[in-house]
Amino acid sequence: MMLAAGLIFAAVVTAFVAWKLIQGHHPQLILLAAGLVFLIASWALGNPLEATDSTGWRGFDLFDLIVQSMRSKLGGIGTMIMVIAGFVAYMDYMGATKAMVQAAMRPIDFLRGIPHLAAIMVLPLGQLLSLCVPSAAGLGLLMIASVHPILLRIGISPLASVSIITLCTCFDMGPASANTARAADLLGMGNVTYFLGHQAPLAGSITLVVMAVVFFQLRRLEPAQSKAVPKVDEPEKRPFYFAFLPVLPLILLMTFSSFFQTGPSAVILDTSTAMLISLALSMLLHWVSGAKAKEIEGGLKECWKGMGRAFSQVVTLIIAADLFAKGLIELGLIEGLLVLVDGLGWGALGILVIFVALIFFASILMGSGNASFFAFGPLVSKVAESMSIPGIRLLLPMQLA
């Protein structure tokens, strides 16, 4: 009876949260407030809080939970997200990201005689670029500036072009991804092992399916015709090696990983360390290319600004979503889902569908795949254990969703 009351209350508040988020209210505030309401309701229903320490009074414990979440997120994954954002900001500042995108998209020009094939080839190329640029918005804007004019010139409509460019970042994957690091941590394996052994094979197969669907959809709806498009300004000339700089963290992570190195003398790098090493090398090469000390200093300032933006826009959202998820757990979300799936006879497949749908819609409402995955990812271990299935069977499709 208490479980049913908790779940009904959670459903009502969650619907209210979704309504407020759709209206455009500040997601951090809405999620944080809802999480606190959930925790208060859970205590009112007599559920003990699964907390580490207590201040001695439940009212203060609410704020202590926020502090605990900030400590855990900022100390590990939050730092990584900010370092990634700082590195990406420096790459953008020195023009390395633009140089990489331009180099990667040169094969599209050779396929201009087969426009539909050229269009779908943007998908795997863009997905490879997203491994090195863990910012969907940043990569999308760069591709709009560089790839969009090419697709228009060979006869692809503007709507189809921007749709294809958006699809390039539809999979969150790669060893430099914050969600990959979180999933690997929850599964107790290395980032590269998780990426090469599990992510890449599944995402590769799905990419082929997406390419086939887009190809036949283009042939049905988009008879390609050459069009006159506005002339695009010639890109600023950069040293050829700038195109390789955004790939440096990926190379370091792959080379110095437990997947390729074993034994007591193995050298293992984590994502944050690989990013900082790559940043230092990039600054050195930027200076070697002729940049003045003031330019290097300006780039470092952009790096700090990028870290600050990541904290204010992403890390704070993850902290708020974490408290929201804690509240749902306290109200019996996991127990309720297991009872529902068992009653319907769906088994593991049913719980997988529910979790994938949950994280998919949560990502849309929160405006962040990171926030939704960090909030609901930790629930998987408990569910997988109760259903006697490997955690990766739930985590991997959840992350790709």
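About the thresholds
Numbers given to residues run from 1 along each chain, matching the order in which its sequence is written. Per-residue local features are limited, in this predicted model, to residues with pLDDT of at least 70; the limit for side-chain atom pairs, both in listing and counting, is 80 or more; totals at the level of whole chains, interfaces and linings are taken over all residues. The basis for every side-chain value is the complete set of non-hydrogen atoms in the structure, without hydrogens or water. What counts as a helix is a DSSP run of H or I of at least four residues, what counts as a strand is a run of E of at least two, and both are numbered from the N terminus. Each radius of gyration reported is based on C-alpha atoms, and the globular scaling rule is 2.2 Å times the count of residues to the power 0.38. Two residues qualify as a contact provided that any one of their heavy atoms is within 4.5 Å of a heavy atom in the partner residue. Asp and Glu are treated as the negative residues and Lys and Arg as the positive ones, with His and the ends of the chain left uncounted. Charged groups are reduced to one reference atom each: NZ for lysine, CZ for arginine, CG for aspartic acid, CD for glutamic acid. For the exposure calls, accessible area comes from a 1.4 Å probe over protein chains only, and a residue counts as buried if that area is under 20% of its type's maximum, exposed if over 50%, partly exposed in between. Whether two aromatic rings pair depends on their centres lying within 6.5 Å, for rings of Phe, Tyr and Trp, where Trp uses its six-membered ring; planes under 30 degrees apart make the pair stacked, over 60 edge-to-face, and the rest tilted. Here, axes are lines fitted to C-alpha atoms. For helices the fit covers the stretch in contact, and angles between N-to-C directions go from 0 to 180 degrees. When describing relative orientation, an angle under 35 degrees is termed roughly parallel and one over 145 degrees roughly antiparallel, while 65 to 115 degrees is termed roughly perpendicular and anything else oblique. We call a crossing left-handed when the near helix sits turned anticlockwise from the far one by less than a right angle, and right-handed when that turn is clockwise. Three classes are used, and their members are as follows: Ala, Val, Leu, Ile, Met, Phe, Trp, Tyr, Cys and Pro are nonpolar, Asp, Glu, Lys and Arg are charged, and the others, Gly among them, are polar. Residues belong to a common nonpolar core when they are buried Ala, Val, Leu, Ile, Met, Phe, Trp, Tyr or Cys residues joined through side-chain atoms within 4.5 Å. A carboxyl oxygen of Asp or Glu within 4 Å of a side-chain nitrogen of Lys or Arg is what we treat as a salt bridge. Cysteine sulfur pairs qualify as disulfides if the two atoms are within 2.5 Å. Every residue gets a pLDDT, meaning the predictor's confidence in that residue, from 0 to 100.

K.L.:
Describe the overall build of the chain, listing the residues and the values that go with them.
P.N.:
The secondary structure content of the chain amounts to 19 helices and zero strands. The globule rule puts the C-alpha radius of gyration for 401 residues at 21 Å, and the 23 Å found for the chain is close to it. If you line up the chain on its principal axes, its C-alpha atoms span 65 × 55 × 45 Å. In the chain, once contacts between residues fewer than 6 apart in sequence are set aside, the share between residues at least 24 apart is 75%. Positive and negative side-chain charges of the chain, numbering 23 and 21 respectively, have mean locations separated by a distance of 11 Å.

K.L.:
I'd like to hear about helix α12 (residues 248–255), residue by residue, with values.
P.N.:
Residue pairs spaced three or four apart in an α-helix point in one direction, given the helix's 3.6 residues per turn. Within α12 the residues assigned to the buried category are Leu248, Pro249, Leu250, Leu252 and Leu253. The secondary structure elements touched by the buried residues of α12 are α3 (58–94), α6 (115–132), α11 (191–221) and α13 (271–288).

K.L.:
Explain the packing of aromatic side chains to me, and be specific about the residues and the numbers.
P.N.:
Inspection of every chain in the model, using the stated rule, returns seven aromatic pairs. The interplanar angle of 45° and the centroid separation of 6.2 Å between the aromatic rings of Tyr90 and Tyr93 together place this pair among those described as tilted. Of this pair, Tyr90 and Tyr93 both sit in helix α3, separated by three residues, roughly a single helical turn. Since its relative accessible area comes to 0%, Tyr90 is described here as buried. Judged by its relative accessible area of 32%, Tyr93 falls in the partly exposed class. Taken together, a centroid distance of 5.2 Å and an interplanar angle of 80° make the contact between Phe360 and Phe361 edge-to-face.

K.L.:
I'd like a rundown of the packing of α3 against helix α10 (residues 178–187), residues and numbers included.
P.N.:
Packing of α3 against α10 leaves a shortest axis separation of 10 Å and a crossing angle of 155°. Looking at the two axes, α3 sits roughly antiparallel to α10. Seen along the crossing, α3 lies across α10 with a hand that is right-handed. Across from Ile77, Met80 and Ile81 in α3, the residues of α10 making contact are Ala178, Ala181 and Arg182. For the contact of α3 with α10, a count of residues per class yields five nonpolar, no polar and one charged.

K.L.:
Summarise the packing of helix α4 (residues 96–104) against α6; cite the residues concerned and give the values.
P.N.:
Think of two packed helices as two axes; the pair is described by the angle between the axes and how far apart they sit. Two elements in contact, α4 and α6, have axes separated by 10 Å at closest approach and are oriented at 155°. It follows from the interaxial angle that α4 and α6 lie roughly antiparallel. Considering only the axes of α4 and α6, their crossing is right-handed. Counting all contacts with α4, which are made through Met100, Val101 and Ala104, the residues of α6 involved are Leu125, Leu129 and Cys132.

K.L.:
Mind laying out the nonpolar core, listing which residues take part and the relevant values?
P.N.:
Membership of the largest hydrophobic core comes to 115 residues, with the highest contact counts inside it found for Met105, Val122, Met143 and Phe376. The leading source of residues in this core is helix α14 (residues 293–330), at 13 residues. Contacts of Met105, omitting those with residues within four sequence positions, involve Val122, Leu125, Gly126, Leu129, Met143 and Val147. Counting residues in hydrophobic clusters, the runner-up holds seven residues, among them Leu36, Leu39, Ile66 and Leu323.

K.L.:
Let's hear about the environment of Met82: which residues, and what values?
P.N.:
Tracing the backbone shows Met82 in helix α3. For Met82 and Ser312, which are 230 residues apart along the polypeptide, the C-alpha to C-alpha distance reads 9.9 Å. In this structure, Met82 is in contact with Leu74, Met307, Ala310, Phe311 and Val315, ignoring residues within four places of it in sequence.

K.L.:
Would you mind going over the pattern of salt bridges in detail, with residue names and values included?
P.N.:
Here the idea is simple: oppositely charged side chains can pair when their charged atoms come close. The final tally for this structure, using the stated rule, is four salt bridges. One salt bridge connects Glu297 with Lys301, and the closest N-O pair in it is separated by 3.7 Å. With Glu297 and Lys301 both in helix α14 and four residues apart, this pair spans about one turn of that helix. On the basis of relative accessibility, which here comes to 39%, the residue Glu297 falls in the partly exposed class.

K.L.:
Let's hear about the state of the cysteines: which residues, and what values?
P.N.:
Scanning all chains against the criterion turns up zero disulfides. Here Cys168 is not disulfide-linked; the sulfur of Cys170 is the nearest cysteine sulfur, at 8.1 Å. When its relative accessible area of 1% is taken as the criterion, Cys168 is described as buried.

K.L.:
Could you give me a rundown of the confidence of the model for the chain, with the residues and numbers involved?
P.N.:
Per-chain confidence: the chain averages 81 in pLDDT, with 92% of residues scoring 70 or above. The least confident element of the chain is helix α15 (residues 333–344), whose mean pLDDT is 71; the most confident is α13, at 91.

K.L.:
Tell me about α4, and please be specific about residues and values.
P.N.:
Within α4, burial applies to Ala96, Thr97, Ala99, Met100 and Val101. Buried residues along α4 sit in contact with α3, α6 and α7 (136–146).

K.L.:
Just give me the short version of the environment of His286, but keep the residues and values in it.
P.N.:
Structurally, His286 is set in helix α13. The spatial distance from the C-alpha of His286 to the C-alpha of Met94 is 7.3 Å, given a sequence separation of 192 residues. With residues up to four places along the chain from it excluded, the contact list for His286 reads Tyr90, Tyr93, Met94, Phe242, Ala291 and Ile296.

K.L.:
Tell me about the environment of Phe260, and please be specific about residues and values.
P.N.:
Within the secondary structure layout, Phe260 lies in the loop between α12 and α13. A relative accessible area of 49% places Phe260 in the partly exposed class. Residues Phe260 and Asp92, spaced 168 residues apart in sequence, show a C-alpha to C-alpha distance of 30 Å. With near-sequence residues (within four places) excluded, Phe260 lies in contact with Val192, Leu196, Met254 and Thr255.

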